[in-house]
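# Secondary and tertiary structure notes
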Amino acid sequence: MSEYSETVSWSSFLKSIASVSGDLSSFTAPPFILSPVSLSEFSQYWGAYQDLFLGVAQINKQNYEAYYPQIRSIKSPDVTRMLAVLQWYLATLKCQYTSRTQKGAFEKKPLNPFLGEVFVGKWENNESKKSDTIFLSEQVSHHPPVNAFAVFNEENNIQVQGYSQIKTSFSKTLKLNVKQQGHAILETNGNSFLITFPSLHLEGMLVAAPYVELEDTSYIQSSCGMIWRIEYSGKGYFSGQKNSFKANLYKDAKAMEKNEKPIFTVNGQWSGVSTIFDGNKEVLFSDQSKHQPQPLKVKPIENQHNLESRKAWDDVAKAIELGDMKLISQTKNKLENNQRELRKKEAKEKKPWENRWFKKVDVIKTKTEPDFEGDTINKLVALAELSGISIKNIQSGSKTGTKEHKKATTASHWSFVMDNWLNEKEITI
Ligand code: CLR
């Protein structure tokens, strides 16, 4: 149990959410469950494990057997790459979904990014600029909230980009459920991978100690044909441990659909240790405690642009740290009113807000536009086709056979435009 439970307010908070049910953004939370960090920061975790991320780019014909010496039955660089992508992905899960809640802290409500909010930084690898990994995050939509991100390293020729749109709802039993739309696409040295996002919920609400538990399934489809199916569960489903998962590697989506014997099965905790079946033996696959996330280097607030998250939210964050409800709403209102004024002005002048580094691409339309240059979008379409995953705007990872897929009519996706970043004049890393 956390310190929250000592306050009478936790139970009144639960009562208040029971009465709103539905969207989380529609009610004001008490200060003790507010986090001073904006959701636009969360996508940085895709790059936090620089060793694992850059490691994926370094696999080749010469070194692939040495990568996982404990696993004997690896037969090709493609298989090593699939394993390395999974290992990196599991580490990002740990960072995205639990790192904020370690050391006795619990999940809190992050700040809701405004349209055009950006969060940028880098991971420095050594002296040369080319070897730095750059991180860009941009709030590309406010209603519904959508965050787009890109993490890239020029020297190592690796990039992951994507976007996430979350839908939160409270069930009658006060369970907070979160569904995600969007995906990530990892590209390196001619290989690409489509990564779908899992659903999640918060556990521990009733004991005032909320933490994230992932659920259902997500996929990693590679351009080499192979696909990971990753199934998530909490305490007591496949094991007695929280944050459990089971990942099966199949030679292709057909083999997966037919439930053929997987090439590899990895089991364990995405926030801890996992093992892999190698022939008939179970050996260690990954131990998250052996890898440390590398902190992102972010400019000091004084040097930031007005659209940069930490600068824009500075007053609100300070008020949250003080726990001063009045000051929180004053500072928040100020920011939100400014935003409303901006939108009004834009409507009046008929100059809608322009996204900075990402553009929304209608996949159905662009298929018929031969001059379209959206390379990554073409990869998205090709990978989705290989996997049988829907390209439409429905829950991430839904299959083409589902009712939702048949009902949905749109297929627009956010895509990173590198040239826009290269021509960026105002925001620096
Ligand atoms: C956002 C997209 C990231 C992964 C991610 C991690 C944690 C999630 C977050 C997403 C969405 C917001 C979230 C958060 C954990 C807790 C927080 C669900 C999916 C909710 C809004 C906090 C509620 C607080 C209660 C005490 C009411 O890539």
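For the structure given in this document, a descriptive report is provided here. Keep in mind that this is a model prediction, so the values were computed, not measured.

A word on the overall build of the chain. Looking only at helices and strands, the chain features 12 helices and 18 strands. Taking 2.2 N^0.38 as the reference for a compact globule, 429 residues should give roughly 22 Å; the C-alpha atoms of the chain span a radius of gyration of 22 Å, in line with that estimate. Based on the C-alpha atoms only, the size of the chain along its principal axes is roughly 60 × 55 × 50 Å. Classification of the 429 residues of the chain by burial places 53% in the buried group. Sequence separation of 24 or more characterises 58% of the internal contacts of the chain that already satisfy a separation of 6 or more. For the chain, the exposed surface amounts to about 21,000 Å²; the carbon and sulfur share of it is 51%. Looking at the chain, you have 54 positive and 48 negative side-chain charges, and the mean spots of the two groups are 4 Å apart.

Moving on to empty space enclosed by the protein. Summed over all chains, the structure comprises 2 cavities of 30 Å³ or more. In this structure, the largest cavity encloses a volume near 130 Å³. Forming the boundary of the largest cavity are 18 residues, of which G182, H183, S390, K392 and H413 lie nearest the centre. The set of elements that each furnish at least two residues to the lining of the largest cavity consists of β7 (176-188), β8 (191-196) and α10 (375-387). The biggest single contributor to the lining of the largest cavity is β7, with 3 residues. Across the lining of the largest cavity, the residue classes tally to 7 nonpolar, 10 polar and 1 charged. Empty space within the second largest cavity amounts to approximately 30 Å³. Lining the second largest cavity, in full, are Q161, G162, H183, I185, T376, I377, W414 and S415. For the lining of the second largest cavity, the secondary structure elements donating two or more residues are β6 (158-170), β7, α10 and β18 (412-416). Grouping the amino acids of the lining of the second largest cavity by side-chain chemistry returns 3 nonpolar, 5 polar and no charged.

Moving on: α10. End to end, α10 covers 19 Å across 13 residues, agreeing with the expected 18 Å (1.5 Å per residue, within 8%). Once α10 ends, the next one or two residues include G388, with phi positive near 75°.

With that settled, the discussion passes to the side chain of S40. Within the fold, S40 resides in the loop between β1 (34-38) and α2 (50-57). Reaching out from S40, the side chain makes a polar contact with the side chain of E117 at a distance of 2.7 Å. The residues contacting S40, other than those within four sequence positions of it, are P113, E117, F119, S137, N147 and S309.

In this structure the tally under the stated criterion is 17 aromatic pairs. Taking 5.9 Å as the distance between ring centres and 45° as the angle between the ring planes, the aromatic pair formed by W46 and W88 counts as tilted. Highlighted residues: W46 in the loop between β1 and α2 and W88 in helix α4 (residues 77-97), separated in sequence by 42 residues. Taken individually, W46 and W88 each receive the classification buried, so the pair is uniform in this respect. When the ring of F114 is compared with that of W313, the centres are 6.3 Å apart and the planes differ by 40°; the resulting orientation is tilted. Here W313 lies in the loop between α6 (309-312) and α7 (314-322) and F114 lies in the loop between β2 (109-111) and β3 (118-123), a separation of 199 residues in the sequence. F114 sits in the buried class, given a relative accessible area of 5%. Looking at W313, the relative accessible area reads 3%, which means it is buried. Here the aromatic residues W46, F53, W88, Y89, F149 and F197 are joined through ring pairs into a cluster of three or more. Residue placement shows K242 over the ring face of Y211; its charged tip is 4.5 Å from the ring centre.

Turning our eyes to something else, we now look at the layout of surface pockets. Space left empty within the atom packing is revealed by a probe, the size of a water molecule, rolled over the atoms. The space that makes up the second largest pocket amounts to roughly 580 Å³. In this structure, the second largest pocket is lined by 27 residues; those nearest its centre are I134, F152, E154, M418 and W421. At the level of secondary structure, the elements contributing two or more residues to the lining of the second largest pocket comprise β5 (146-153), β6, β7, β8, α10 and α12 (418-422). A per-class count over the lining of the second largest pocket returns 8 nonpolar, 10 polar and 9 charged.

Among the nonpolar cores identified, the biggest contains 96 residues, and W46, L83, W88, L186 and W228 are the most heavily contacted of them. Ranked by residue count, the leading element in this core is α4, at 13 residues. In contact with W228, not counting residues within four places along its chain, are M82, L83, L86, S218, Y219, I220, A247, N248, L249, F264 and V266. The next biggest cluster of nonpolar side chains, apart from the first, holds 11 residues, and it includes L194, V363, V381 and A384.

We now examine the pattern of salt bridges. According to the stated counting rule, one finds 18 salt bridges in the structure shown. Note that D287 and K290 form a salt bridge whose closest N and O atoms lie 3.1 Å from each other. Judged by its relative accessible area of 15%, D287 falls in the buried class. Salt bridges sharing common partners tie together K122, E124 and K297.

Relative to each other, α2 and α4 sit at 160°, their axes nearing to 9 Å. Between α2 and α4, the crossing angle belongs to the class labelled roughly antiparallel. Considering the relative orientation of α2 and α4, their crossing is left-handed. Between α2 and α4, the contacting residues are L52, F53 and V56 on the first element and R81, A84, V85, Q87, W88 and A91 on the second.

As a further point, take unusual backbone geometry. Along the chain, H143 connects to P144 via a cis peptide bond; the corresponding omega equals -5°. Position of P144 among the secondary structure elements: in the loop between β4 (133-141) and β5. Phi is positive for A208, which is not a glycine, with a value near 65°. Mapped onto the secondary structure, A208 falls in the loop between β9 (199-203) and β10 (211-215). A positive phi angle is found at D216, which is not glycine, with a value near 60°. Relative to the assigned elements, D216 resides in the loop between β10 and β11 (217-222).

What counts and what doesn't
- Residues numbered from 1 in each chain as written.
- Predicted model: local features only at pLDDT ≥ 70, side-chain atom pairs only at ≥ 80, totals over all residues.
- Heavy atoms only, no water.
- Helix = DSSP H or I, 4+ residues; strand = E, 2+ residues; numbered from the N terminus.
- Rg over C-alpha atoms; globule rule 2.2 N^0.38 Å.
- Buried < 20%, exposed > 50% of the residue type's maximum accessible area, 1.4 Å probe, protein only.
- Contact = heavy atoms within 4.5 Å.
- Areas by Shrake-Rupley, 256 points an atom, 1.4 Å probe, with all protein chains shown as cover.
- Lys, Arg positive; Asp, Glu negative; His and termini not counted.
- Charge placed at Lys NZ, Arg CZ, Asp CG, Glu CD.
- 1 Å grid on protein atoms, 1.4 Å probe; cavity = no way out; pocket = protein on both sides within 12 Å on 5 of 7 lines; lining within 4 Å.
- Points joined across faces, edges and corners; volume = space filled by probe spheres on them.
- Nonpolar A, V, L, I, M, F, W, Y, C, P; charged D, E, K, R; others polar.
- Expected span 1.5 Å × (residues − 1).
- Polar contact = N/O pair within 3.5 Å; in protein donor to acceptor, adjacent residues only side chain to side chain.
- Phe/Tyr/Trp six-rings, centres within 6.5 Å; stacked < 30°, edge-to-face > 60°.
- Lys NZ or Arg CZ within 6 Å of the ring centre and 35° of its normal.
- Core = buried A, V, L, I, M, F, W, Y, C linked by side-chain atoms within 4.5 Å.
- Salt bridge = Lys/Arg side-chain N within 4 Å of Asp/Glu carboxyl O.
- Axes fitted to C-alpha atoms, helices over the stretch in contact; angles between N-to-C directions.
- Parallel < 35°, antiparallel > 145°, perpendicular 65-115°, else oblique.
- Left-handed = near helix turned anticlockwise from the far one by under 90°.

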